[in-house]
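Observations on chain architecture
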2 protein chains.
Amino acid sequence: MINTLFLPELREMLADGKTQELADFCSALHPARVAEFMKGLSSEEAWAVVSKADLETRVSIFEYFEPARQVEILETQNIEELAELVEEITDDDRVDLLQRLEPELRDQFVLRLSDEERRNFHRLSQYPEGTAGAVMTTEVARLSESLTIREAVEEVGRQSEEYETIYYLYIVDEEEHLRGLVSARQLLEGMRQPSTPLKDIMETNLITVAADEDQEEVANKVARLDLLAIPVVDAQHRMLGIITHDDVIDVVREEATEDAHLSAAVTPLDQTYLRTPILILTWKRGIWLTILFFFALVTAIALKKYDWAFDKWTWLVFFIPLVISSGGNSGSQSATLIITALSRGHITVKDWWNIVWRELAMGLLLGLMLGLLGYLCSMFMIEGEELARSAVYVVPITLLAVVVSGTLTGSILPLVFERIGWDPALMSNPFVAGIVDIVGIVIYVNVALLLLGTA
Amino acid sequence: MINTLFLPELREMLADGKTQELADFCSALHPARVAEFMKGLSSEEAWAVVSKADLETRVSIFEYFEPARQVEILETQNIEELAELVEEITDDDRVDLLQRLEPELRDQFVLRLSDEERRNFHRLSQYPEGTAGAVMTTEVARLSESLTIREAVEEVGRQSEEYETIYYLYIVDEEEHLRGLVSARQLLEGMRQPSTPLKDIMETNLITVAADEDQEEVANKVARLDLLAIPVVDAQHRMLGIITHDDVIDVVREEATEDAHLSAAVTPLDQTYLRTPILILTWKRGIWLTILFFFALVTAIALKKYDWAFDKWTWLVFFIPLVISSGGNSGSQSATLIITALSRGHITVKDWWNIVWRELAMGLLLGLMLGLLGYLCSMFMIEGEELARSAVYVVPITLLAVVVSGTLTGSILPLVFERIGWDPALMSNPFVAGIVDIVGIVIYVNVALLLLGTA
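The structure presented is a predicted model; accordingly, all values stated were derived computationally and were not measured. (Residues numbered from 1 in each chain as written. Chains lettered and ligands numbered in written order. Predicted model: local features only at pLDDT ≥ 70, side-chain atom pairs only at ≥ 80, totals over all residues. Heavy atoms only, no water.)

**Quick look at the nonpolar core**
- Counting residues in each nonpolar core, the largest one holds 176 residues, and the members touching the most others are A:M38 and B:M38.
- Grouped together as the second largest cluster of nonpolar side chains are 104 residues, A:L373, A:V403, B:L370 and B:V447 included. (Core = buried A, V, L, I, M, F, W, Y, C linked by side-chain atoms within 4.5 Å. Buried < 20%, exposed > 50% of the residue type's maximum accessible area, 1.4 Å probe, protein only.)

**A short note on the interface of chain A and chain B**
- With 126 residues of chain A in contact, the opposing surface of chain B contributes 126 residues.
- Summing the contributions of chain A and of chain B, the shared interface buries around 11100 Å²; its carbon and sulfur component is 67%.
- Of all residues in chain A, A:L188, A:R253 and A:Y273 bury the most surface against chain B, accounting for 7% of the area lost on that side.
- Taken together, the connections running from chain A to chain B amount to four salt bridges.
- The partner of A:E36 in a salt bridge is B:R224, with the nearest N and O atoms 2.9 Å apart.
- Residue composition of the side of chain A that touches chain B, by class: 70 nonpolar, 33 polar and 23 charged. (Contact = heavy atoms within 4.5 Å. Buried area = accessible area lost by both parts, 1.4 Å probe. Salt bridge = Lys/Arg side-chain N within 4 Å of Asp/Glu carboxyl O. Nonpolar A, V, L, I, M, F, W, Y, C, P; charged D, E, K, R; others polar.)

**Considering helix α2 (residues 19-28) of chain A**
All names here are of chain A.
- Along α2, the residues classified as buried are L22, A23, F25 and C26. Within α2, the buried residues cover an arc of 155° as seen down the axis, which keeps them to one side.
- Those residues of α2 that are buried lie in contact with α1 (7-15), α3 (31-37), α4 (43-50) and α5 (55-64). (Helix = DSSP H or I, 4+ residues; strand = E, 2+ residues; numbered from the N terminus. Arc of directions from axis to C-beta.)

**Side note on unusual backbone geometry**
Residues and elements named next belong to chain A.
- Its identity as a non-glycine residue notwithstanding, D226 has a phi of 55°, on the positive side.
- Summarising the element assignment, D226 is placed in the loop between α15 (215-225) and β5 (229-233).
- According to the relative accessible area criterion, D226 is partly exposed, its value standing at 35%.

**Here's the deal with the environment of A:E258**
- If you trace the backbone, A:E258 turns up in helix α16 (residues 245-263).
- C-alpha of A:E258 to C-alpha of A:P268: the two residues are 10 residues apart in sequence and 5.2 Å apart in space.

**Here's the deal with the packing of α4(A) against helix α6 (residues 67-76) of chain A**
Residues and elements named next belong to chain A.
- For the pair α4 and α6, interaxial distance at closest approach is 9 Å and the crossing angle is 80°. Taken together, α4 and α6 sit at an angle that is classed as roughly perpendicular. Contacts between α4 and α6 involve S43, A46 and W47 from the former and R69, E72 and I73 from the latter.
- Classifying every residue of the contact of α4 with α6 gives three nonpolar, one polar and two charged. (Axes fitted to C-alpha atoms, helices over the stretch in contact; angles between N-to-C directions. Parallel < 35°, antiparallel > 145°, perpendicular 65-115°, else oblique.)

**Concerning the pattern of salt bridges**
Residue and element names in this part refer to chain A.
- Applying the stated criterion across every chain yields a total of 28 salt bridges over all chains.
- Across the pair E145 and R179 runs a salt bridge whose closest N-O atoms are separated by 3.3 Å. Placement of E145 in the loop between β1 (140-143) and α12 (149-159) and of R179 in strand β3 (residues 178-183) is noted, with a sequence separation of 34 residues between them.
- Taken together, the shared-partner salt bridges in this structure form one network comprising K39, E66 and R275.

**Re the side chain of B:R253**
- Inspection of the secondary structure assignment puts B:R253 in helix α16 (residues 245-263).
- B:D250 provides the closest opposite charge to the buried, unpaired B:R253, separated from it by 5.1 Å.
- Side chain to side chain, B:R253 and A:N220 meet in a polar contact 2.6 Å long.
- Those residues within four positions of B:R253 in sequence are excluded, and the remaining contacts are A:A219, A:N220, A:A223, A:V252 and A:R344. (Lys, Arg positive; Asp, Glu negative; His and termini not counted. Polar contact = N/O pair within 3.5 Å; in protein donor to acceptor, adjacent residues only side chain to side chain.)

**Brief notes about helix α4 (residues 43-50) of chain B**
All names here are of chain B.
- Every buried residue belonging to α4 is among S43, A46, W47, V49 and V50, and all of these are buried. Buried residues of α4 fall within an arc of 155° about the axis and therefore sit on the same side.
- Packing partners of the buried residues in α4 comprise α1 (7-15), α2 (19-28), α5 (55-64), α6 (67-76) and α7 (79-88).

**A few points about the packing of helix α8 (residues 91-98) of chain A against helix α10 (residues 115-124) of chain A**
Residues and elements named next belong to chain A.
- Look at α8 against α10: their axes get within 10 Å of each other, and the N-to-C directions meet at 70°. Overall, the two elements α8 and α10 adopt an arrangement that is roughly perpendicular. Crossing of α8 against α10: the hand is right-handed. In this structure, α8 uses D91, D92, R94, V95 and L98 to contact α10, whose residues at the interface are E117, N120, F121 and L124.
- Its residues placed into classes, the contact of α8 with α10 shows four nonpolar, one polar and four charged. (Left-handed = near helix turned anticlockwise from the far one by under 90°.)

**Re the pairing of strand β6 (residues 239-244) of chain A**
Residue and element names in this part refer to chain A.
- The buried count for β6 comes to five of six residues, which makes it a mostly enclosed element.
- When β5 meets β6, the two strands line up antiparallel, connected through five bridges. Bridging across to β6, I230 finds its partner in I243.
- Connecting the antiparallel pair β5 and β6 is a turn made up of five residues, with H237 showing a positive phi of about 65°. (Pairing = 2+ DSSP bridges.)

**Quick notes on the sheet that holds strand β5 (residues 229-233) of chain B**
Residues and elements named next belong to chain B.
- One open sheet accounts for three strands, arranged β4-β5-β6; its pairing is mixed. Since the sheet does not close on itself, it has two edges, and those belong to β4 (209-210) and β6 (239-244), each with one partner.
- On top of the sheet, helix α15 (residues 215-225) reaches β4, β5 and β6; it is set at about 135° to β5, its chief contact.

**A look at the packing of aromatic side chains**
- This structure, assessed with the given rule, holds 19 aromatic pairs over all chains.
- Look at A:F318 and A:F319: their rings are 6.4 Å apart centre to centre, the planes differ by 55°, and that puts the pair in the tilted class. Side by side, A:F318 and A:F319 carry an identical accessibility label, which is buried.
- Here B:Y168 and B:Y170 contribute two aromatic rings whose centre-to-centre distance is 6.5 Å and whose plane-to-plane angle is 90°, an arrangement assigned as edge-to-face.
- Given a relative accessible area of 11%, B:Y168 falls into the buried group.
- The class of B:Y170 is buried, set by a relative accessible area of 1%.
- Grouped by ring-pair contacts, the aromatic residues A:W288, A:F295 and A:F431 constitute a single cluster. (Phe/Tyr/Trp six-rings, centres within 6.5 Å; stacked < 30°, edge-to-face > 60°.)

In short, shape yes, function no, at least from these values alone.
The structure is reproduced here in structure tokens:
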């Protein structure tokens with residue numbers, strides 16, 4: 001998706017050293033567009049272009065570069081010029097960026113940060129990936145409750161460059177305990193009575209999150225409450241930072257992609273599909289395929305054990321894929337329904353009885369339906385002399401049993417994982433299918449033996 | 001997930017008619033919390049509680065009720081009281097709510113709307129579900145560029161109740177053409193020079209979307225640009241409305257859940273898992289299971305055709321599940337990687353050559369790996385007199401061919417769907433697996449015939 005529209009012009013301007021024209025190009029469009037138009041340039045060329053712009057424009061374009069390009073620029077270009085830029089990046093994004101660098105280079109950038117930002121960096125980078133603390137920014141407006149609306153507006157106007165958002169202003173006491181929230185909306189509306197103290201208009205029923213809370217939980221809260229930002233507090237309710245709506249969207253998308261990959265037995269990627277090297281992608285797929293290979297191997301061993309049965313009734317072989325795929329597919333359906341409902345907060349482990357009951361009912365209904373289809377197919381496909389009259393019931397009864405064990409396995413396993421604190425998405429589709437395959441073959445052969453006799 | 005903490009007290013207060021206490025309860029906590037605490041009440045009781053609160057509080061609590069409860073209240077409670085509440089709900093949410101009602105009841109509520117809101121309702125409900133128009137709100141601050149900062153602040157303070165957000169203020173000309181954007185942040189910062197005209201500070205490099213644009217594309221734009229809201233314009237660049245960050249989060253989550261369900265062969269649900277009736281859920285799963293049943297039936301027919309081969313070499317049967325699951329799993333992996341990358345905008349159909357090349361390379365690597373494992377298993381598991389020496393190569397060669405056809409099918413099918421304008425997520429995992437199953441069996445038997453001879 002490379003837009004080549006301006007590439008020749010940009011390269012010509014670079015060759016001719018047209019500094020002013022390049023600076024104009026950088027500020028003429030939305031920074032995201034500028035970054036897009038430069039996708040076809042090398043990282044070196046792109047940096048040469050943006051370094052002509054003023055610092056503010058440079059930072060905003062840089063923030064729209066893809067992570068890989070950002071890292072390449074930091075690794076290759078003049079460190080003093082870059083340090084100036086790194087200082088201006090929002091603190092949570094800066095942590096993400098610097099953590100992608102080699103430790104030595106990262107330390108060089110950290111050393112060049114101002115004292116305050118360096119403290120911020122160390123504080124933020126201590127939170128483990130995937131927690132509220134790792135996503136939050138500390139660049140948040142903290143105001144004293146003794147201010148009036150007019151004083152708050154003046155303060156915000158003076159300081160606003162330092163904050164990631166000024167749409168929510170947080171009121172804290174001397175020890176940084178979170179007391180309330182005033183929105184920019186309230187300030188603008190309040191300008192009609194500018195001497196009202198903030199504490200008279202502030203909202204005190206605040207919803208907060210702890211720094212070690214899972215980012216997915218945080219995203220669920222923000223989404224449910226339609227918030228612009230949510231404050232992160234410590235055990236003493238002291239304000240640590242905020243998580244803003246744009247970070248929440250990123251978290252939601254990231255988690256959804258991770259869950260999708262897990263459910264297809266791919267270890268989640270750290271980069272986009274095209275940027276992930278083929279060998280790494282092969283590895284992330286290969287380990288799961290190998291695990292699933294061993295599931296299939298157990299099925300093979302089971303089949304070998306019943307060798308003589310398949311020898312005797314060859315038609316049993318035809319329906320192996322049908323039995324396996326019916327169990328696997330109904331199990332995947334259940335697993336996915338439960339995993340998505342858990343992650344959206346629509347169900348909790350406490351609903352287990354209700355869930356298992358529903359899955360049992362659905363398993364019976366779906367099993368009866370597939371069983372009926374299986375009966376019809378059996379009538380047409382099973383031939384052979386000396387065939388017991390009960391042979392046509394083997395496939396339908398197996399399908400019923402397999403679908404029920406599929407829905408039960410698919411619903412219970414994610415609940416068990418959630419209960420013991422593992423990611424239920426790990427109990428993803430091919431895994432459930434692998435287990436149901438083995439169970440399915442055992443059921444199949446035993447139903448056949450029961451109905452056809454062992455003789 | 002029902003919090004029963006306040007239920008007895010609330011029921012007691014209702015029985016004793018303690019209007020003031022109930023009103024206090026409603027305003028004491030964040031409206032989302034109030035709605036949560038009332039989950040254990042019947043819809044009738046919940047409405048009895050909130051109707052004691054003032055209109056504004058009532059509306060905000062009502063908005064946090066689950067859709068099913070909202071509908072139940074509208075269907076059963078006093079229509080005049082409810083009409084007052086419906087009038088106050090944000091216009092895009094109101095359309096969603098009323099469209100869940102029976103047509104006659106919906107018409108009654110629409111009739112009771114103010115003229116302006118009725119026009120809004122008709123305008124918004126004309127956009128098809130899933131487009132930008134269906135998600136946008138028209139309750140947006142439109143200002144004239146001739147205003148100064150001071151005039152704008154006054155205007156916003158006066159009018160702000162009517163707008164869903166005042167964090168972005170849009171500047172339009174007399175014919176509603178979108179000219180620029182001023183953020184609340186700029187207004188607050190600008191209060192130091194309050195007589196500056198808006199047109200001097202407004203941002204004019206705006207990113208907009210068309211009303212018929214897919215909501216997923218819109219979400220991608222907002223997420224990429226970290227926007228609070230994005231304006232929706234018509235072909236003449238006239239402002240129709242905006243889509244706000246909270247709607248974008250809802251869209252992202254909704255699309256992710258839909259994609260997950262599709263990828264497990266479940267038609268996306270309209271309600272949460274527990275609220276979807278068992279019969280509907282069975283239907284949404286059953287149709288896909290039936291379709292997949294017929295795929296498996298084709299595999300069964302293929303197996304029946306090669307009946308004699310399995311009779312002759314019984315050990316071929318053992319590996320049927322292995323062949324099928326290896327092809328299906330590698331196909332699912334490719335399909336999911338491609339579907340998620342397409343929906344995140346990381347790849348486009350134009351990258352097809354690069355994608356197919358990568359998938360071919362990965363298919364070969366993964367196929368060689370599984371083939372090696374298959375070779376080792378074959379050495380231990382295949383027994384029998386008069387066995388050709390080439391027998392141990394049947395499974396490995398089949399695995400290589402099946403995995404490669406899995407990765408190619410799994411990557412090409414979603415790209416083809418995207419190209420012809422269908423949702424690539426439809427080409428979801430079990431579908432790819434179903435196709436690869438059939439191909440796999442055909443490959444398996446033919447490799448066996450080739451190596452073992454037809455005699």
